[in-house]
Amino acid sequence: DVSSPKHGKVDPDNMPHVGGNMWAGGTGGRDTAGLGGKGGPYRLDAGHRVYQVSQAEKDAVPEEVKRAAREMAEKAFKQRLKEIQMSEYDASTYERFSGAVRHQVQSLRIILDNLQ
């Protein structure tokens, strides 16, 4: 069961963590920031293979936990904008321009990776 969203502990060795309720950047777990899990406050990619919980499990997360996760994500987003000295308007403008060329940038990254 999910209880409350949190960032989670950071593994200093960046080992892959699947499931559970402890590690930031893990996959398929609960309550912590990561990928493929349920009830976490925001997505956090530690560079490991992603294990996905079912949509039914995600849908079963209580509304109060979803609300707390959204609030925590919003707070973390605003803190990150403050750290990089960017306003919410700047962020939306950046997203608008970035989104318009996202596909081309991804294609260029693939080409450059293959050339290396």
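Just so it is clear, the model here is predicted, and its values are computed rather than measured. (Residues numbered from 1 in each chain as written. Predicted model: local features only at pLDDT ≥ 70, side-chain atom pairs only at ≥ 80, totals over all residues. Heavy atoms only, no water.)

Quick look at the environment of Y42 now. Within the secondary structure layout, Y42 lies in the loop between β2 (34-35) and α1 (55-59). When the C-alpha positions of Y42 and K6 are compared, they lie 9.1 Å apart, and in sequence the two are 36 residues distant. Residues contacting Y42, with those up to four places away along its chain left out, are H7, A33, G34, A73 and A76. At 2.7 Å, the side chain of Y42 forms a polar contact with the side chain of H7. (Helix = DSSP H or I, 4+ residues; strand = E, 2+ residues; numbered from the N terminus. Contact = heavy atoms within 4.5 Å. Polar contact = N/O pair within 3.5 Å; in protein donor to acceptor, adjacent residues only side chain to side chain.)

What follows covers the packing of aromatic side chains. Tallied over the full model, the rule gives zero aromatic pairs. Stacked on the ring of W23, the Lys or Arg K9 has its end atom at 5.2 Å from the ring centre. A cation sits over an aromatic face here: R96 above F97, 5.0 Å from the ring centre. (Phe/Tyr/Trp six-rings, centres within 6.5 Å; stacked < 30°, edge-to-face > 60°. Lys NZ or Arg CZ within 6 Å of the ring centre and 35° of its normal.)

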